[in-house]
Amino acid sequence: MHQYSGKLIVHTGSMFSGKTSNLENDVKRFKIAGYNTVAFKPAIENRYSESQIVTHDHTSINAISVKNIEEINEYLSEFNPNVIAIDEIQFLGGKIDDIVESINGFLKKGITVVVAGLDMDYTGKPFEIVKELMPISDYLYKHHAVCVKCGGDAWISHRKSGGKERIKIGADKDYEPLCRKCFLREK
Ligand SMILES: Nc1ncnc2c1ncn2[C@@H]1O[C@H](COP(=O)(O)OP(=O)(O)O)[C@@H](O)[C@H]1O
Ligand SMILES: Cc1cn([C@H]2C[C@H](O)[C@@H](COP(=O)(O)O)O2)c(=O)[nH]c1=O
Ligand SMILES: [Zn+2]
């Protein structure tokens, strides 16, 4: 008898806070526990790999690259996993309401859903899908990177490299985690 059925697990926080590491760890544990588990990543996030979810520490798990929630729906209509994981959910294509409706549908069917995603963009504006999923989660983890200026708990991903576009794929050349005080000083 599986302990987890239809649970929503949300890993959020700034960049470098360990969201993907925790998602990977959950996937590994669910597999060890005998759950049929599949991981997805938005195709736009091709920073380290097209076909794997990769952490900043370069650990990885295999993943199916998808453009939008519809592609996950199609996959699930053919296969019957017990657990799905979605990394970088803030980049998943599709209307927010459709993504939430699909995820609620998966949960209703007993599928456990693990997601990882940024809570805020570089300006401090919430990513809408994460904002929607946080209150309906069963398990919500807000992770913290280390502020690179003061060593405190980071709060936001500060963009160092300029550009006003909301989506800019990158890692430590473009972004650094900062606590609120250091961010306000930097602005
Ligand atoms: N300032 C930092 N604070 C915490 N971890 C950092 C920092 N800079 C680099 N890292 C590395 O990032 C790893 C977390 O990576 P990852 O799980 O991919 O995070 P996220 O998905 O939240 O961006 C940590 O284990 C650590 O080795
Ligand atoms: C803050 C912020 C980040 N991004 C991008 C940069 C990275 O490609 C991902 C986040 O990856 P991580 O696993 O959380 O480190 O998001 C962006 O496009 N816009 C932003 O405002
Ligand atoms: Zn700081």
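The rules behind the values
- Residues numbered from 1 in each chain as written.
- Chains lettered and ligands numbered in written order.
- Predicted model: local features only at pLDDT ≥ 70, side-chain atom pairs only at ≥ 80, totals over all residues.
- Heavy atoms only, no water.
- Helix = DSSP H or I, 4+ residues; strand = E, 2+ residues; numbered from the N terminus.
- Rg over C-alpha atoms; globule rule 2.2 N^0.38 Å.
- Buried < 20%, exposed > 50% of the residue type's maximum accessible area, 1.4 Å probe, protein only.
- Contact = heavy atoms within 4.5 Å.
- Near = heavy atom within 4 Å.
- Polar contact = N/O pair within 3.5 Å; in protein donor to acceptor, adjacent residues only side chain to side chain.
- Areas by Shrake-Rupley, 256 points an atom, 1.4 Å probe, with all protein chains shown as cover.
- Nonpolar A, V, L, I, M, F, W, Y, C, P; charged D, E, K, R; others polar.
- Donors = N, O, S within 2.8 Å, 3.2 Å for Na, K, Ca; no water.
- Tetrahedral: all angles 85-135°; square planar, octahedral: opposite > 155°, others 65-115°.
- Expected span 1.5 Å × (residues − 1).
- Arc of directions from axis to C-beta.
- Patch = residues over 30% accessible without salt bridge, like charges linked within 9 Å, V, L, I, M, F, W, Y side chains within 5 Å.
- Salt bridge = Lys/Arg side-chain N within 4 Å of Asp/Glu carboxyl O.
- Lys, Arg positive; Asp, Glu negative; His and termini not counted.
- Charge placed at Lys NZ, Arg CZ, Asp CG, Glu CD.

Some remarks on the overall build of the chain
Regarding its fold elements, the chain presents five helices and 10 strands. Computed over the C-alpha atoms, the radius of gyration of the chain is 16 Å, within 12% of the 16 Å expected from 2.2 N^0.38 for a compact globule of 187 residues. Taking the principal axes of its C-alpha atoms as reference, the chain extends roughly 50 × 30 × 30 Å. The buried share among the 187 residues of the chain stands at 47%. Of the contacts formed within the chain by residues at least 6 apart in sequence, a portion of 71% connects residues at least 24 apart.

Some words on the site of ligand 2
Taken together, 19 residues form the shell around ligand 2, and within it K19, H56, E88, R166 and K168 come nearest. A distance of 2.7 Å separates an oxygen atom of ligand 2 from a polar side-chain atom of H56. Between ligand 2 and E88, the relevant distance is 2.7 Å, taken from an oxygen atom to a side-chain nitrogen or oxygen of the residue. Protein contacts shield 99% of the accessible area of ligand 2, which totals 490 Å² for the unbound molecule. Classifying every residue of the shell around ligand 2 gives seven nonpolar, four polar and eight charged.

A few points about the coordination of the zinc ion (ligand 3)
Note on the zinc ion (ligand 3): its protein donors are C147 (SG), C150 (SG), C179 (SG) and C182 (SG). The metal-donor distances range over 2.3 Å. Classification of the site at the zinc ion (ligand 3) as tetrahedral follows from its four donor atoms and the range of 102 to 118° in their angles at the metal.

Let's talk about helix α1 (residues 19–32)
When the terminal C-alpha atoms of α1 are compared, their 20 Å separation across 14 residues agrees well with the 20 Å that a helix rising 1.5 Å per residue should span. Where α1 is concerned, the buried positions are K19, T20, L23, E24, D26, V27 and F30. The arc that holds every buried residue of α1, seen down its axis, measures 160°, which confines them to one face. Seen from the buried face of α1, the exposed residues on the opposite side, beyond 90 degrees, are R29 and I32. The positive-phi residue at the C-terminal boundary of α1 is G34, with phi of around 90°.

Some thoughts on the site of ligand 1
Not every one of the 15 residues close to ligand 1 is listed here, only the nearest: F16, K19, S21, D57 and V146. At 2.8 Å, a side-chain N or O of T20 approaches an oxygen atom of ligand 1. Between ligand 1 and H56 there is a distance of 2.9 Å, counted from an oxygen atom to a backbone nitrogen or oxygen. Notes on ligand 1: free accessible area 580 Å², of which the protein chains cover 73%.

Things to note about a negative patch on the surface
On the surface, E70, E74, D97, D98, E101 and E132 cluster together to form a negatively charged patch. Of all the secondary structure elements, the ones that give two or more residues to the negative patch are α2 (69–78) and α3 (96–108). With three residues, α3 is the largest single contributor of residues to the negative patch. With respect to the element layout, D98 can be found in helix α3.

Thoughts on the pattern of salt bridges
Here the structure, examined in full by the defined rule, presents nine salt bridges. Between E128 and K125 there is a salt bridge, with the nearest N and O atoms lying 2.9 Å from each other. By relative accessible area, which is 42% here, K125 ends up partly exposed. Note that E186 is salt-bridged to K149, the shortest N-O span being 3.8 Å. Placement of E186 in helix α5 (residues 180–186) and of K149 in the loop between β8 (139–143) and β9 (156–159) is noted, with a sequence separation of 37 residues between them. Overall, E186 belongs to the partly exposed group, its relative accessible area being 37%. On the basis of relative accessibility, which here comes to 47%, the residue K149 falls in the partly exposed class. Connected through salt bridges with shared partners, the residues D121, K125, E128 and R166 form a single ionic network.

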